[in-house]
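Analysis of the macromolecular model
Listed below are the residues making up each chain.
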Amino acid sequence: MQGQDGERDGCGARNGAEPQAGAPAGTSEEVPAEAPAGAPDAEPRRGRPRSAAAERAILDAVIDLLEAGEPLAGLSIERIARTAGVGKATIYRRWSDKEELFVDVVRDMEPDDPPVSGTEGLADLRVMLESLRTRGLAQRSSALLHNIFAQMKSHPKLWSEYHGTVIAPRRLAMVEAVRRAVAAGELRDDLDVELIDDLFVGPMLVRTVHRPDAPLPDDLADRIITALLQGLAPAARV
């Protein structure tokens, strides 16, 4: 019956269906059929490789339900599993609860984080500022993504999960790039690095978050960096 833990995923057995919840005890993929949201993941990631097709079906199912007007708070693991054509255990093997799943849905909809050198200072800062700009453009062009973010902020647990797994690592990467820029002599070394980071990120966040109608031109990251490096005081008169 569709929606039960022993069912085949949307790809069917021919494409590597997930093991049924009733498989013999001791298998690395076995998860209790009625695992509650937030239950331990029973070390699912140490079994055989994940089914990419099943993951894709689950993410797409959440997006389809949201596009149909379902609120985040109203989505249940059972409903998502039924829509994806997989069992609930298939979802719990990958995500410990709804919040973790929803964060991956948002990350799937956002533009990918661009690679940075990890050794440059200002160059890496520019790449990450540009990534902020493109994510802002993505939210403006996607009513669904904009709506999801609005709903996330009204759900503390979900927003905390997104902040801890997405925003915090991005901010840390920016701060580390500032440290490299200071060490390389590209930025002054008598200011707190977190303050410097805020000075770079702040203008982009104002444009992308607080002023949704403000322009986000292609050269915005360069303009922010140039303005900060040159300073805002007027040039000294000769």
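Residues numbered from 1 in each chain as written. Predicted model: local features only at pLDDT ≥ 70, side-chain atom pairs only at ≥ 80, totals over all residues. Heavy atoms only, no water.

**As for the overall build of the chain**
Keep this limit in mind: In this description a helix means any DSSP run of H or I spanning at least four residues, a strand means any run of E spanning at least two, and both kinds are numbered starting from the N terminus. Using a 1.4 Å probe on the protein chains alone, a residue whose accessible area is under 20% of its type maximum counts as buried, one over 50% counts as exposed, and one in between counts as partly exposed. We call two residues in contact whenever any of their non-hydrogen atoms come within 4.5 Å of each other. For accessible areas, the Shrake-Rupley method is used with a probe of radius 1.4 Å. Any residue's cover is judged against the shown protein chains and nothing else.
Counting its regular elements, the chain contains nine helices and zero strands. Ordered by position from N to C terminus, the α and β elements of the chain give α-α-α-α-α-α-α-α-α. When burial is assessed residue by residue, the chain has 40% of its 238 residues classed as buried. Sequence-distant contacts, at least 24 apart, represent 65% of the contacts inside the chain between residues at least 6 apart. Of the roughly 13000 Å² of accessible surface on the chain, a fraction of 54% belongs to carbon and sulfur atoms.

**Structural notes on helix α6 (residues 143-152)**
Filter applied, for reference: The arc in question is formed by the directions pointing from the helix axis toward the C-beta atoms.
All of the buried residues along α6 are L144, L145, I148, F149, Q151 and M152. All buried residues of α6 lie within an arc of 165° about the axis, which places them on one face of the element. Residues of α6 that are buried make contact with α1 (52-67), α4 (98-109), α5 (122-141) and α7 (156-183).

**A few points about the pattern of salt bridges**
Where we set the bar: A carboxyl oxygen of Asp or Glu within 4 Å of a side-chain nitrogen of Lys or Arg is what we treat as a salt bridge.
By the definition in use, this model includes 18 salt bridges. Of the charged contacts, one joins R180 and D124 as a salt bridge, the two residues approaching to 2.8 Å between their closest N and O atoms. Taken as a pair, R180 in helix α7 and D124 in helix α5 lie far apart in primary sequence, 56 residues in all. Overall, the relative accessible area of 22% leaves R180 in the partly exposed class. For the salt bridge of R188 with D190, the shortest nitrogen-to-oxygen distance reads 2.6 Å. Linked through salt bridges whose partners overlap, the residues forming this network are E110, D113, R135 and R170.

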